[in-house]
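# Observations on the three-dimensional arrangement
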Amino acid sequence: MSKLFPSAAKFLAGTTVTKTAAPVVTTSNSKFSTKTEATFEIKPYKLHKLEKGPATSATLSSEDALKIYEKLAVLRRIETASGNLYKEKIIRGFCHLYSGQEAVAVGMRAAMRDVDTVITAYRCHGWTHLMGVSVLGVLSELTGRRTGCSRGKGGSMHLYGRNFYGGNGIVGAQTPLGAGIALAHKYRGDGGVNFALYGDGAANQGQLYEAFNMAKLWDLPCVFVCENNGYGMGTSVDRSSASTDYYSRGDYVPGIWVDGMDVIATREATRYAIDYCTSGKGPLVMEMETYRYSGHSMSDPGTSYRTRDEVQEVRQTRDPITSFKEKILSRELVTPDQLKEIDAQVRKEVDEATKQAKTEPEVDVEELSADIYKNNLEPYIRGLHPGAPLQHYEVAPRN
C-alpha cells in the first residue's frame with residue numbers, strides 16, 4: 001500500500017470559452033507584516049539511474065504562494081461543484097474527480113512554460129482549467145452545454161485546450177500519444193516538453209513500455225508522469241503490481257519519485273524534468289505519489305476496498321491544500337485574511353459558473369457532423385448510409 005500514508009501501505013482553439021479568469025490574488029491590508037519570500041525543505045526524492053535529482057529546498061515568494069493557493073482552491077472547488085452536479089443528474093455519463101491530487105497538477109503547471117504540452121487520462125477537469133480553459137468552460141462541458149470547451153460534445157473525459165490534448169478515456173492510451181507530441185516538439189525544434197500523465201492502474205499497460213522504448217530510442221523530450229493514487233479503480237497497487245516502484249519501471253529511462261501531496265516538491269521536480277529533457281538527454285519517468293478522496297468515478301463509493309478511516313487520516317495529515325496553507329502561514333508569506341479573501345472569491349467564481357452551466361443551451365443536433373475533419377474535402381460525411389447523409393461544417397475556426 002502507499003508508502004506515504006500509514007494506514008494504507010492547438011487542438012480545439014477557437015471554442016467559445018477558452019480564456020481564464022485573472023488570478024484571484026488579493027491586495028488586502030494584512031494584520032501583520034509578511035515576508036516577501038521563504039525557503040522550504042522538500043522530502044527527499046528517490047532516484048533511478050540519476051546521480052543528481054531536483055532541488056531539496058525551494059524558495060517561494062509571497063506572490064507565488066498566493067497564486068498557488070488560489071489554484072489549489074479553484075481545483076478543489078471545481079471538483080466539489082462537479083460532484084454536486086453529478087448527484088443532481090445534470091452531469092451525465094462518467095465523472096472522475098481529482099480531489100486530493102491537486103498538488104500534482106498545480107505544482108507542475110507552476111513550473112511549465114507556454115511551449116510545453118500536456119496529455120492526461122480522464123481525471124482531467126483541473127488540468128483543463130490550468131491549461132487555459134475558464135471555470136465556466138469546464139463546468140459547461142461537463143453539463144453538455146455549448147459554452148463548454150468542447151461545446152458540450154465531449155463531457156468529463158474529453159476536454160481540450162491550447163497545448164492540452166485531453167482527457168483520454170482509454171486506459172494508458174495517452175502515453176504513446178504523448179510520445180508523439182514530444183516527437184513533434186523535437187521535429188519542430190520549438191524547445192517544448194510533453195508531459196504524459198497516467199495512473200498506477202495504467203502502469204502495467206504494454207503500450208506504455210512501447211512508448212518508453214520509442215521515446216528513449218529517439219531521445220524525445222517527454223516526461224511520463226505516473227499519478228500513483230494508491231488504487232487502480234478498486235484495486236490497491238500491492239495487489240495489481242509486482243513492483244510498486246513506478247519511478248523505476250522505465251528500466252533504461254531514468255526516474256524520480258516525488259511526494260505528490262507537496263505542491264512545492266512537484267514544482268521543483270517539474271523544473272528539473274524540463275531542464276533534463278531540454279538538454280537533449282531524452283525522456284524521464286516521474287512517479288507522483290498522491291491520493292484520491294473520492295471513488296474511482298462518481299459511481300464508485302470508494303469504501304469497499306479501503307476504509308473511511310484511511311481516507312480521513314489522509315485528509316487530516318496529508319491534504320495538499322491544508323498542508324500548503326499551514327506552511328505559508330507559519331512562514332508569514334501570507335495572512336489569514338488574504339487566504340479568506342481568496343476562498344471567498346473562488347467560491348463566488350465557481351458558484352456563478354455552476355449556475356450558468358446549468359442554464360446554457362445545448363448545441364443543435366447539426367453539430368453531430370461538425371468539425372470532424374480539419375480540412376474537409378467533400379460536402380458530406382463519408383461512411384454513412386446514403387439515404388441519411390450528414391453535411392460537414394466548421395464551428396471552430398482553423399489556425
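Residues numbered from 1 in each chain as written. Predicted model: local features only at pLDDT ≥ 70, side-chain atom pairs only at ≥ 80, totals over all residues. Heavy atoms only, no water.

An unreviewed UniProt entry annotates the chain as Pyruvate dehydrogenase E1 component subunit alpha of Iphiclides podalirius. Per UniProt, the chain has the following entry under Catalytic activity (unreviewed entry): "N(6)-[(R)-lipoyl]-L-lysyl-[protein] + pyruvate + H(+) = N(6)-[(R)-S(8)-acetyldihydrolipoyl]-L-lysyl-[protein] + CO2". (UniProt positions renumbered as here; feature names shortened; annotations may be inferred.)

Most of strand β10 (residues 284-289) sits inside the fold, with six of its six residues counted as buried. Residues L284, M286 and M288 of β10 are buried on one face, and the alternating residues V285, E287 and E289, pointing to the opposite face, are buried as well. Pairing analysis gives six bridges linking strand β6 (residues 222-228) to β10, with the strands arranged parallel. Note on β10: the bridge partner recorded for F224 is V285. Taken together, the five bridges between strand β9 (residues 255-259) and β10 define a ladder with parallel strand orientation. By the bridge assignment, W257 is partnered in β10 with E287. You can see the chain leave β9, run along helix α8 (residues 263-278) and come back into β10, and the turn it takes is right-handed. (Buried < 20%, exposed > 50% of the residue type's maximum accessible area, 1.4 Å probe, protein only. Helix = DSSP H or I, 4+ residues; strand = E, 2+ residues; numbered from the N terminus. Pairing = 2+ DSSP bridges. Right-handed = clockwise from strand over helix to strand, strands pointing away.)

Let's shift gears to helix α1 (residues 62-87). Every α-helical turn comprises 3.6 residues, leaving residues that sit three or four positions apart pointing alike. Over its 26 residues, α1 runs 38 Å from end to end, which matches the ideal 38 Å to within 8%, given 1.5 Å per residue. Phi turns positive, to about 65°, at K89, one or two residues after α1. (Expected span 1.5 Å × (residues − 1).)

Before going further, it helps to spend a moment on the pairing of strand β5 (residues 194-199). Every other side chain in a regular strand lies on the same face of the sheet, so the side chains alternate between the two faces. Burial within β5 is extensive, with five of its six residues counted as buried. Looking at chain direction, strand β4 (residues 117-119) and β5 are connected through three bridges and run parallel. Along β5, the bridge assignment pairs V118 with F195. Bridge count between β5 and β6: six bridges; the pairing is parallel. When the bridges of β6 are listed, G199 appears paired with E227. In terms of handedness, the path from β5 via helix α6 (residues 206-217) over to β6 forms a crossover that is right-handed.

Okay, the packing of aromatic side chains next. Applying the stated criterion across every chain yields a total of five aromatic pairs. When the ring of F212 is compared with that of F224, the centres are 4.9 Å apart and the planes differ by 75°; the resulting orientation is edge-to-face. Taken together, the residues span a long stretch of sequence, with F212 in helix α6 and F224 in strand β6 at a distance of 12 residues. The same class applies to F212 and to F224, which are both buried. In textbook terms, an aromatic cluster arises when at least three aromatic residues are bridged by ring pairs, as seen for Y209, F212 and F224. Against the face of W257 rests K46, its NZ or CZ located 4.8 Å from the ring centre. Between the NZ or CZ atom of R315 and the centre of the ring of Y293, over which it lies, the distance is 4.1 Å. (Phe/Tyr/Trp six-rings, centres within 6.5 Å; stacked < 30°, edge-to-face > 60°. Lys NZ or Arg CZ within 6 Å of the ring centre and 35° of its normal.)

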